[in-house]
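Tertiary structure, described
For reference, the chains in residue letters:
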Amino acid sequence: MGRSLLLNMADHGFKVAGHDKDESKIEALTLESGNMDVKGFLSVNEFIDNLKKPRAVMLLVPAGKIVDQVITEITPLLEEGDLIIDGGNSHFTDTNRRVEELREKKLHFFGMGVSGGEEGARYGPSMMPGGDRKAYEVVQPIFEAVAAKVNGEPCVTYIGPGAAGHFVKMVHNGIEYGIMQMIAETYAFMKKGLKISDEKIHGAFNEWSRGRLESFLIEITRDILAFKENGSDHLLLHDIKDEARSKGTGKWTSQVAMDLQSPLSAIDAAVAMRDLSKYKRLREKASELYKGDNMSVNVPEDDGINALEASLYFATIVAYAQGMHLLSLASAEYKFELRMDRIALIWRGGCIIRSKFLQDIYQAYKADNNLPHLLIDGHISKLINDLLPKTRRTLSLAIAAGISMPAQTAALSYFDSLRSDQMPSNLIQAQRDYFGAHTYERIGMKGVFHTQWVPK
């Protein structure tokens, strides 16, 4: 990521320097940079000495203690007014702490989420800087130059104060978890339920990549579903172990959503499924015990694929809606002052969750930045109503056949609860009052009440 971003900056006419403790990384940078104004340093002292003042140092290292270690190493070499940028996936609470610590040392600091992977960093990522606004303005021309562009607009904007940038990137990654799980569920329905060939599955994703589901994640899935190693007669996909790994950002999204009482059921399900996938031996034992379902779905292939497209689109919309709702609640709680339309705007290009649908999200929040929930938008509600019949049919067939589609099912259940003006939560309140005297409120009456449910 660091090397790719440096080369991107150099492509746009900026003189840049990089530091790494691994000499091979310095050699790779030198080799790839050619005649560009790029210099790599093995010595951190030489690296800092060669930076123009006020110095801007961007860290691209794994989240956690190593960020603090690098900050501790370089701060004695910096001077008042210099700038440190954390471009990794740091937890937003760590970013808040670092802002305060470095302010005391009269150093500027901001956290910036960077999305797009190595390819994005090289040719145009989406970037989410937050924190010290004046510090951001120092490097704003650089980041606007190297960011991905959509219709000529750079996919970078000042997000907000404090840890706003890293918080928005965290939620981006939570949405990413949700959509990836939903795509995997769609693939499973095709493979297990419809029992169609790899070629036809690839054909479906190829068609979807040019339709309303157009997105980076659909495009890479299309490519994966066509990839065979040289000399192989089958997809490489079939040789990959079904244990998904993670770096924690999805979990963080679920955790903070619970703290803010923002339901993220579809994203929560995706996080849980990654965890469950790691219990391979346990799943193998369970599969021997429970063999009742043959997982066949008795519908014409083309009808099934068409309904799956609608179900995946519906669930994807809900995943975005849950993430955006969390951002709006966090903005109020943490005083981030988020511009929801700008977030949607910079996610349209460069990042992992970029998609055609983000233009719809942008338009919804451009019309009303205080929109209480994406699913309340008039245009979005029309899309949802059109998708519902095929979504319900698909998920009903999956459940009847024993095909697991937890994220998409959670998305539908969330939607059905959200649109319900009378949830069964009144029974839960009665139960709480029964066993714990927790009291309850009554319709049309002020105050709180407690009932002796069983006469003494």
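Please refer to the structure higher up on the page.
A brief structural summary. All figures in this text were calculated on a predicted structure; none of them were measured in a lab. (Residues numbered from 1 in each chain as written. Predicted model: local features only at pLDDT ≥ 70, side-chain atom pairs only at ≥ 80, totals over all residues. Heavy atoms only, no water.)

**Some words on a nonpolar patch on the surface**
Among the surface-exposed residues, Tyr-434, Phe-435, Trp-453 and Val-454 lie close enough to one another that they form a single nonpolar patch of about 460 Å² accessible area. You can see Phe-435 is positioned in helix H19 (residues 425-436). Judged by its relative accessible area of 63%, Phe-435 falls in the exposed class. (Patch = residues over 30% accessible without salt bridge, like charges linked within 9 Å, V, L, I, M, F, W, Y side chains within 5 Å. Areas by Shrake-Rupley, 256 points an atom, 1.4 Å probe, with all protein chains shown as cover. Salt bridge = Lys/Arg side-chain N within 4 Å of Asp/Glu carboxyl O. Helix = DSSP H or I, 4+ residues; strand = E, 2+ residues; numbered from the N terminus. Buried < 20%, exposed > 50% of the residue type's maximum accessible area, 1.4 Å probe, protein only.)

**A look at the side chain of Asp-341**
With respect to the helices and strands, the residue Asp-341 is situated in helix H15 (residues 340-346). Within the structure, Asp-341 has its side chain in polar contact with the side chain of Arg-339 (distance 2.8 Å). Ignoring any residue separated from it by four or fewer positions in sequence, one finds Asp-341 in contact with Tyr-362, Tyr-365, Lys-366 and Asn-369. (Polar contact = N/O pair within 3.5 Å; in protein donor to acceptor, adjacent residues only side chain to side chain. Contact = heavy atoms within 4.5 Å.)

**What about the sheet that holds strand S6 (residues 126-131)?**
Pairing in this open sheet of four strands is mixed, and the strands run S3-S4-S5-S6 from one edge to the other. Edge positions in the open sheet fall to strand S3 (56-59) and S6, since each of these has one partner strand only. Sheet twist, expressed as the average angle between the axes of neighbouring strands with direction ignored, equals 25°. Two elements, strand S5 (residues 108-115) and S6, share six bridges in a ladder whose sense is antiparallel. Its bridge partner lying in S6, Met-112 is registered against Pro-129. Its contacts with the sheet put helix H8 (residues 164-194) on strand S4 (83-86), S5 and S6, and the angle it makes with S5 is roughly 15°. (Pairing = 2+ DSSP bridges. Axes fitted to C-alpha atoms, helices over the stretch in contact; angles between N-to-C directions.)

**Comments concerning the pattern of salt bridges**
Scanning the model with the defined rule gives 26 salt bridges in all. One salt bridge in this structure joins Lys-191 and Asp-198, with 2.5 Å as the shortest N-O distance. Judged by its relative accessible area of 15%, Asp-198 falls in the buried class. Taking the shortest distance from any N to any O, the salt bridge between Asp-242 and Lys-280 comes out at 2.6 Å. Of this pair, Asp-242 sits in the loop between helix H10 (216-224) and helix H11 (249-259) while Lys-280 sits in helix H13 (residues 280-289), and the two are 38 residues apart along the sequence. The class of Asp-242 is partly exposed, set by a relative accessible area of 36%. In the salt-bridge network here, residues are joined through shared partners; they are Asp-68, Asp-86, Asp-94, Arg-97, Arg-98 and Glu-101.

**Some words on the nonpolar core**
Phe-167, Trp-208, Leu-327 and Trp-347 are the most contacted members of the largest nonpolar core, which has 93 residues in total. Per-element accounting of this core gives the leading share, 16 residues, to helix H14 (residues 301-334). Listed in part, the 23 residues of the second largest apolar core include Leu-6, Leu-7, Ala-10 and Leu-29. (Core = buried A, V, L, I, M, F, W, Y, C linked by side-chain atoms within 4.5 Å.)

**With respect to the pairing of strand S10 (residues 445-449)**
In the sheet, strand S9 (residues 440-442) pairs with S10 via two bridges, with the strands oriented antiparallel. Across the sheet, Arg-442 pairs through a bridge with Met-445, a residue of S10. Counting the residues in the hairpin turn of S9 and S10 gives two residues, including Gly-444, whose phi is positive at 75°.

**As for H8**
With 31 residues, H8 extends 44 Å from end C-alpha to end C-alpha; this agrees with the ideal 45 Å at 1.5 Å per step. The element H8 is largely enclosed, with a buried count of 27 among its 31 residues. Lys-195 lies just past H8 and shows a positive phi near 55°. (Expected span 1.5 Å × (residues − 1).)

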